[in-house]
Amino acid sequence: MKKILIVPLLAVCLTFSGCAELQQAVAGLPQAGGILTNADIAAGLKEALDKGIDKEVTKLTATDGFYKNQMVKILLPAELQKVDKGLRSIGLGSLADEGLKVMNRAAEDAVKEATPIFVTAVKQMTFTDAKNILLGNDTAATTYLQNTTTTQLYARFNPVIKSSFTKVGADKVWANIITKYNSIPLVTKVNPDLTDYVTNKALEGVFKMIAVEEKDIRNNIAERTTTLLQRVFALQDNKG
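Draft legend 1. Summary view of the overall build of the protein. Each helix and strand in the protein was counted, giving 11 helices and zero strands. Going from the N terminus to the C terminus, the protein shows its helices and strands as α-α-α-α-α-α-α-α-α-α-α. Burial statistics for the protein: of 240 residues in total, 47% are counted as buried. Partitioning the contacts of the protein with sequence separation of at least 6, the portion at a separation of at least 24 is 81%. Of the accessible surface of the protein, which amounts to about 11900 Å², a share of 55% is contributed by carbon and sulfur atoms.

Laid out in structure tokens, this is it:
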């Protein structure tokens, strides 16, 4: 849906309340329940983020939340694609598949650590943050979360992924994969550490799925499942 000029006008009104013409324009918007306050707008944006976190992050923590989701499935890094290809060429496709699966299992474990960090970031959101998100693009809320949580999430994800590799046997699987690959005649030997790679891919997947939910709320009225979401996000819709 198209956004209209009334949204930036609203921002001006909220900052400079003495402009009668702009106030009149805002008052002309269909806002059931009265004019939205600063607190209403902030609460609506927080609710939207909470909805995205609850719905999309929870999906990723389930078994196969990464592995069977083509949007976020973690594949081998480019420099290891030759390992996958080499194993499949000698009939070891099942081993290659198991290597991919354990990487994705580690990400699913790690994402369980994300929710409390996200909840804290949402609680700390100011009205200025909320206003910038409302006036921003279709992924402005997701960008806010990326800017405020990535460092903490990496610090929490990385050791979990390292531990998960051990728990689900990824260390043994990958040792077996690399041993098999390195036994292929004339190949260049490899000995990768995948923990950092999988950590960053897990982060990428989390924010990608939250962005999906944010876009739905902004552009699909049916996804605005509460009165507050409907009222706040109506401000960006084309009423003409």
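Okay, back to it.
Draft legend 2. Quick peek at helix α9 (residues 170-182). Its 13 residues give α9 an end-to-end C-alpha distance of 18 Å, which sits within 8% of 18 Å, the value for a rise of 1.5 Å per residue. Along its buried surface, α9 packs onto α4 (81-89), α5 (93-111) and α8 (140-167).

Draft legend 3. A look at α5. Across its 19 residues, α5 extends 28 Å between first and last C-alpha, which sits within 8% of the 27 Å expected from 1.5 Å per residue. When you tally the buried positions in α5, you get 14 out of 19 residues, the bulk of the element.

Draft legend 4. Examining the side chain of Arg218 more closely. With respect to the helices and strands, the residue Arg218 is situated in helix α10 (residues 195-219). There is a polar contact of 2.7 Å between the side chain of Arg218 and the backbone oxygen of Ile133.

Draft legend 5. Representation of the nonpolar core. If you look at the biggest cluster of nonpolar residues, it comprises 66 residues, and the most contacted ones within it are Leu45, Phe118, Leu145, Phe157, Trp174 and Val198. Apart from the residues within four sequence positions on either side, Phe118 is in contact with Ile53, Val57, Leu145, Thr149, Leu153, Val206, Phe207 and Ile210.

Draft legend 6. View of the packing of α4 against α9. Relative to each other, α4 and α9 sit at 70°, their axes nearing to 10 Å. In this view, α4 runs roughly perpendicular relative to α9, as classed from their interaxial angle. Across the interface between the two elements, Lys82, Val83, Gly86 and Leu87 from α4 touch Ile177, Lys180 and Tyr181 from α9. Here the residues of the contact of α4 with α9 are counted per class, giving four nonpolar, one polar and two charged.

Draft legend 7. Fine view of the confidence of the model for the protein. Averaged over all residues, the pLDDT of the protein is 79; the fraction at 70 or higher stands at 82%. Low pLDDT, under 50, characterises residues 1-32; the stretch is placed with 49 contacts to residues that sit more than four places away or in other chains.

Analysis parameters
Residues numbered from 1 in each chain as written. Predicted model: local features only at pLDDT ≥ 70, side-chain atom pairs only at ≥ 80, totals over all residues. Heavy atoms only, no water. Helix = DSSP H or I, 4+ residues; strand = E, 2+ residues; numbered from the N terminus. Buried < 20%, exposed > 50% of the residue type's maximum accessible area, 1.4 Å probe, protein only. Contact = heavy atoms within 4.5 Å. Areas by Shrake-Rupley, 256 points an atom, 1.4 Å probe, with all protein chains shown as cover. Expected span 1.5 Å × (residues − 1). Polar contact = N/O pair within 3.5 Å; in protein donor to acceptor, adjacent residues only side chain to side chain. Core = buried A, V, L, I, M, F, W, Y, C linked by side-chain atoms within 4.5 Å. Axes fitted to C-alpha atoms, helices over the stretch in contact; angles between N-to-C directions. Parallel < 35°, antiparallel > 145°, perpendicular 65-115°, else oblique. Nonpolar A, V, L, I, M, F, W, Y, C, P; charged D, E, K, R; others polar. pLDDT = per-residue confidence, 0-100.

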